[in-house]
Amino acid sequence: MSIIDLQHLFTAYLNKNKLPASPENLYDPIRYFMEIGGKRIRPILCLLGCQMFSDDVSPALAPALAVEYFHNFSLLHDDIMDKAPLRRGFDTIHIKYGINNAILSGDAMLVKSYEFLSDAAQALPQLIKVFTRTALQVCEGQQYDMDFENRQEVSIPEYLLMIELKTAVLLAASLSMGAICAGAKSQDVDNLYQFGKNIGIAFQLQDDLLDTFGNPDVFGKKIGGDIAQNKKTYLMLKTIEIADQHSREKLNHWLNVKENDTELKIANIKSIMEQLRIPEVTKAIIQVYYQKAFSHLNQIDIEDSRKNILIELTEQLMFRQQ
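What counts, and where the lines are drawn
- Residues numbered from 1 in each chain as written.
- Predicted model: local features only at pLDDT ≥ 70, side-chain atom pairs only at ≥ 80, totals over all residues.
- Heavy atoms only, no water.
- Helix = DSSP H or I, 4+ residues; strand = E, 2+ residues; numbered from the N terminus.
- Rg over C-alpha atoms; globule rule 2.2 N^0.38 Å.
- Contact = heavy atoms within 4.5 Å.
- Areas by Shrake-Rupley, 256 points an atom, 1.4 Å probe, with all protein chains shown as cover.
- Lys, Arg positive; Asp, Glu negative; His and termini not counted.
- Charge placed at Lys NZ, Arg CZ, Asp CG, Glu CD.
- Buried < 20%, exposed > 50% of the residue type's maximum accessible area, 1.4 Å probe, protein only.
- Salt bridge = Lys/Arg side-chain N within 4 Å of Asp/Glu carboxyl O.
- Polar contact = N/O pair within 3.5 Å; in protein donor to acceptor, adjacent residues only side chain to side chain.
- Expected span 1.5 Å × (residues − 1).
- Bend = angle between axes of the 7 residues up to and from the residue.
- Phe/Tyr/Trp six-rings, centres within 6.5 Å; stacked < 30°, edge-to-face > 60°.
- Lys NZ or Arg CZ within 6 Å of the ring centre and 35° of its normal.

### Details of the overall build of the protein
(1) Moving on: In terms of helices and strands, the protein carries 16 helices and two strands.
(2) Moving on: Relative to a compact globule of 322 residues, whose C-alpha radius of gyration would be 20 Å, the protein shows 21 Å and is just as compact.
(3) Moving on: Along the longest, intermediate and shortest principal axes, the C-alpha atoms of the protein span 60 × 50 × 35 Å.
(4) Moving on: Here the analysis covers contacts within the protein between residues at least 6 apart in sequence; of these, 74% occur between residues at least 24 apart.
(5) Moving on: In the form shown here, the protein has an accessible surface area of approximately 15500 Å², with 51% of it arising from carbon and sulfur atoms.
(6) Moving on: Counting 33 positive and 41 negative side-chain charges, the protein places the averaged centre of each group 1 Å from the other.

### Description of the side chain of D78
(1) Moving on: Tracing the chain through its elements places D78 in helix 4 (residues 61-82).
(2) Moving on: Although D78 is buried, it forms no salt bridge, and the closest oppositely charged side chain is K166 at an N-O distance of 4.3 Å.
(3) Moving on: In terms of polar contacts, D78 uses its side chain to reach the side chain of Q142, at 3.4 Å.
(4) Moving on: Discounting residues that sit within four places of it in the chain, D78 has contacts with Q142 and K166.

### So, the side chain of R42
(1) Moving on: Summarising the element assignment, R42 is placed in helix 3 (residues 41-51).
(2) Moving on: It turns out R42 is buried and unbridged, and the closest side chain with the opposite charge, E68, is 5.9 Å from it.
(3) Moving on: Within the structure, R42 has its side chain in polar contact with the side chain of H71 (distance 3.3 Å).
(4) Moving on: Once residues within four sequence positions are removed from consideration, R42 is found in contact with V67, H71, L170, L171 and S174.

### Things to note about helix 8 (residues 156-181)
(1) Moving on: With 26 residues, helix 8 extends 36 Å between its outermost C-alpha atoms, agreeing within 8% with the 38 Å of an ideal straight helix rising 1.5 Å per residue.
(2) Moving on: Considering bend angle alone, the principal kink of helix 8 is centred on A168 and spans about 50 degrees.
(3) Moving on: Counting buried positions along helix 8 gives 21 out of 26 residues, so the element sits mostly inside the fold.
(4) Moving on: Directly after helix 8, the chain includes G183, whose backbone phi takes a positive value near 75 degrees.

### What to know about the packing of aromatic side chains
(1) Moving on: Under the definition given, this model contains eight aromatic pairs.
(2) Moving on: Seen from their ring centres, F70 and F73 are 5.6 Å apart, and the 50 degrees between their planes marks the pair as tilted. Taken together, the positions of F70 and F73, both in helix 4 and three residues apart, correspond to about one turn of that helix.
(3) Moving on: A residue is classified by how much of its surface remains accessible, and F70, at 2% relative accessible area, is buried.
(4) Moving on: When the ring of F195 is compared with that of F294, the centres are 5.4 Å apart and the planes differ by 85 degrees; the resulting orientation is edge-to-face. Of this pair, F195 sits in helix 9 (residues 186-213) while F294 is found in helix 15 (residues 278-297), placing the two residues 99 residues apart along the sequence. For the pair F195 and F294, one class covers both residues: buried.
(5) Moving on: Here the basic side chain of K96 rests over the ring of Y32, its NZ or CZ set 5.1 Å away from the ring centre.

### Looking at unusual backbone geometry
(1) Moving on: Cis geometry marks the peptide bond from S22 to P23, where omega comes out at 0 degrees.
(2) Moving on: Secondary-structure assignment places P23 in the loop between helix 1 (3-16) and helix 2 (24-36).
(3) Moving on: The backbone of R40 shows a phi angle near 55 degrees, a positive value even though the residue is not glycine.
(4) Moving on: Mapping R40 onto the fold places it in the loop between helix 2 and helix 3.
(5) Moving on: When its relative accessible area of 15% is taken as the criterion, R40 is described as buried.
(6) Moving on: The residue N230 is not glycine, and still its phi comes out positive at about 55 degrees.
(7) Moving on: Positionally, N230 belongs in the loop between helix 11 (225-228) and helix 12 (234-242).
(8) Moving on: Overall, the relative accessible area of 32% leaves N230 in the partly exposed class.

Keep in mind these numbers describe shape, not what the thing actually does.
Structure below.
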């Protein structure tokens, strides 16, 4: 099946598994959040991981739905912690329904993810082990991210670990859980997991790059948000690492300007980054993780034709909006 076919299959399965009507204040926020949707990348990866080893992807539908519920649960609680007003262009749940309802609906989403996972027809103990380990790692990644906001210094290895835990491991788990549902060999499951983890790190680094140097008309949001918020992204950490004294003094000046100088701040910090060739350095490390991912994909013992749709999806995500 094509990516579009898998998207339609998953959407139909999602719509079939309706939430209860009451209590409304618990389930209406969940329905709202799931309906505003997203790209559904993680459940599609789960189905793709299964399809690589089997022509029947139906065993992966329940785990795919579990992954999607967990992912949205994590976003919901992230929005509360970040006090974010919007998600995907819509009011966040805590803005629309209140913070107490948002917290409880998020809790229910986490419970529902395990309920859907329990519907898996086979390899349930192995799936639960992967899913639970990954869920905890995502929480660890979020904690590191919050910790970094209150720290003056963060190392690049610490940042890379944070994005691995917060973002990449769920992509990796989605793929490997699909492969487990298809009865793939453990070595192939492990290689697929490593592919997902490394490509997930590359995706996040690519997002960091696009946030600062992307085309706003193509990227879909205003450029420079990370700089405006003094976020410790790879680009910022690398700039700090390699800047000479003069560049560092200029950087520190612009990092501490008032909010009404935001546009000037973004322009000047981007200029410093360009002088230090930070975009090129970032593209180079993205390529390192991209190649590492494909070295694992190449080790998977199946026909190349079965890898093509995953490669197609990866390239769509990896080379978008450049």
